[in-house]
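Letter by letter, the chains look like this.
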Amino acid sequence: MKHELAMEIIQPDQFWSVISYLPNPADLLADKGSFYKTVDEMILDAKIGSHLRLRKDIVTSFPFVIKQGNASDEVYEFIRDNLTANLNWETDVKEFLTAIEYGHSFSEVLWKENTQGKIVPDSLRNKYPEDIVYKIGFVKTQGGKKSVWVPVLKKTNEELNASYKFLMYRNNPRAENPYGFSDLLMCYWPWKFKQLGWEFWLKAAQKAGVPSLVALFDAPDGDKARKNAQVISDTLSELGGGDGLALANVKELKVLEMSGALRDHKTLIDTCNQEISFALTTQSLSTQEGEFGTRAQATVHDENLVRVCHGDALALQGVFQTLIDWMVAINFGQEFSSPKGEFDLQSYASFEEIMQAIQNKIPVSKEALYTRYKLPRPKNTEDEFVIPEIQDEGFALSDKPSKKKDRLPARVF
């Protein structure tokens, strides 16, 4: 019974284990030769690019903290002090978040020995996702075996299965799909129609930018009419800006222009931009605020955007937890418990509310003022500045030490 419970009953189609790797299914959804090439083109769109930057900037603004949990003091302090010591944190986070547009991201961990003789991460080298493909592999378990996705370097067909080396992140992972889901697939057609709209606008502007003139005249004879028309046409074609002329036997000159064409273009572009905003941020006021937006709507939409970024952060923190587990296993052993790393997504009081609490002599954490609210920490007592009239014994900032096991989470970035 135990043996059967530990076995994987539903395994990927055995046909796929015959071929070298599985193609990215997203390739089938693009109308161009390469899905990744199409994504690169879409990122150049101002609306798409700005939304992607916004999501990544919000995620990197969340503090990343280490919680001790069941880890020993030594292990906890080692991770707290060394996890991000050599990393370019914001860049590393944003490189993993390229999975939003590509579906998956892949980085190689380079390690080094520090001055204390411990092995710590030296850098994370992000790889272009097009170079990585996946094939099905199997690992032994107590009950038999289970299937796993094995990353493969496409150029050499080399399996990338070295221990403690490769970190993978999938955006919105789905069953039986190692490549994740690209959010840009949701706005592919709005982007495509938008490109066609720009092409239409350029043609419309070219035709409507310099209006055409039509001369109306009477000429009963057919041959004479054609000759007169040619003479008038040649004369009109030589007109430059600000020129004037008089034409004999011409009753009227009319201007041909495209009425409403450019307004139609603006409607198309705005509609496409709105759909792109819905797909990437679940909000649309960034394209409508001047005409339709209200402060209440903007607040709700901002909250929705933050929720999307919370989801990105919660999914991504598992990658850095893997890195923490590796650091503990390499330096202490796999039997040691790891501390927990996570993005701090709690809502905190505004600085104005903190100041009100201070004015009402409510104890406030000094550490939070210097870390969470980014107040400049004094170098020493001589560097401190406090307004003299509020210096009294009744006013104090709470900074009570706690037990080692109950220590507050330490912010590492």
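Residues numbered from 1 in each chain as written. Predicted model: local features only at pLDDT ≥ 70, side-chain atom pairs only at ≥ 80, totals over all residues. Heavy atoms only, no water.

Caption draft 1: The arrangement of the overall build of the protein in detail. The number of helices and strands found in the protein is 13 helices and eleven strands. By the burial criterion, 35% of the 413 residues in the protein qualify as buried. In the structure as shown, the protein presents an accessible area of about 25,600 Å², 53% of it carried by carbon and sulfur atoms. (Helix = DSSP H or I, 4+ residues; strand = E, 2+ residues; numbered from the N terminus. Buried < 20%, exposed > 50% of the residue type's maximum accessible area, 1.4 Å probe, protein only. Areas by Shrake-Rupley, 256 points an atom, 1.4 Å probe, with all protein chains shown as cover.)

Caption draft 2: Quick look at the packing of aromatic side chains. For the coordinates displayed, the defined rule picks out 18 aromatic pairs. Centroid distance Tyr36 to Tyr128: 6.3 Å. Interplanar angle 55°. Geometry classified as tilted. You can see Tyr36 sitting in helix H2 (residues 35-43) and its partner Tyr128 sitting in the loop between strand E3 (119-127) and strand E4 (132-141), a full 92 residues away along the chain. You can call Tyr36 buried: its relative accessible area is 6%. Between Phe64 and Phe320 the ring centres are 5.8 Å apart and the planes differ by 65°, which places this aromatic pair in the edge-to-face class. Here Phe64 is found in strand E1 (residues 64-67), whereas its partner Phe320 is found in helix H11 (residues 295-331), with 256 residues between them in sequence. Each member of the pair, Phe64 as well as Phe320, is classed as buried. Here the aromatic residues Phe64, Trp89, Phe96, Phe320 and Phe343 are joined through ring pairs into a cluster of three or more. Over the ring of Phe332 we find Lys118; its NZ or CZ atom is 4.5 Å from the centre of that ring. Its end group placed over the ring of Phe138, Lys145 keeps NZ or CZ at 4.7 Å from the ring centre. (Phe/Tyr/Trp six-rings, centres within 6.5 Å; stacked < 30°, edge-to-face > 60°. Lys NZ or Arg CZ within 6 Å of the ring centre and 35° of its normal.)

Caption draft 3: Structural detail: the sheet that holds strand E11 (residues 410-411). The three strands are arranged E10-E1-E11 in an open sheet whose pairing can be described as antiparallel. In this open sheet, the two strands that pair with only one neighbour each are strand E10 (340-343) and E11. Looking at chain direction, E1 and E10 are connected through four bridges and run antiparallel. For Phe64, the partnering residue across the bridge sits in E10 and is Phe343. (Pairing = 2+ DSSP bridges.)

Caption draft 4: Inspection of the sheet that holds strand E6 (residues 158-159) at higher detail. Pairing is antiparallel in the open sheet, where three strands are placed in the order E4-E5-E6. Among the strands making up the open sheet, the edge pair consists of E4 and E6. Here E4 pairs with strand E5 (residues 144-153) via ten bridges, running antiparallel. Its bridge partner lying in E5, Thr141 is registered against Gly144.

Caption draft 5: Unusual backbone geometry, seen in detail. A positive phi angle is found at Tyr164, which is not glycine, with a value near 60°. Classification of Tyr164 by relative accessible area gives partly exposed; the value is 26%. The phi angle at Asn172 is positive, at roughly 45°, despite the residue not being glycine. Relative to the helices and strands, Asn172 is located in the loop between strand E7 (166-170) and helix H7 (188-209). When its relative accessible area of 43% is taken as the criterion, Asn172 is described as partly exposed.

Caption draft 6: Highlighting the confidence of the model for the protein. Per-chain confidence: the protein averages 78 in pLDDT, with 70% of residues scoring 70 or above. Mean pLDDT per element in the protein: helix H10 (residues 285-288) is the minimum at 47, and helix H5 (residues 89-96) is the maximum at 95. (pLDDT = per-residue confidence, 0-100.)

Caption draft 7: Examining the pattern of salt bridges more closely. Counted by the stated rule, this structure contains eleven salt bridges. Between Lys194 and Asp45 there is a salt bridge, with its nearest N and O atoms 3.1 Å apart. Placement of the pair is Lys194 in helix H7 and Asp45 in the loop between H2 and helix H3 (46-61), with a sequence separation of 149 residues. By relative accessible area, which is 5% here, Lys194 ends up buried. Bridged by salt links that share partners, the residues Arg55, Asp183 and Asp312 form one connected network. (Salt bridge = Lys/Arg side-chain N within 4 Å of Asp/Glu carboxyl O.)

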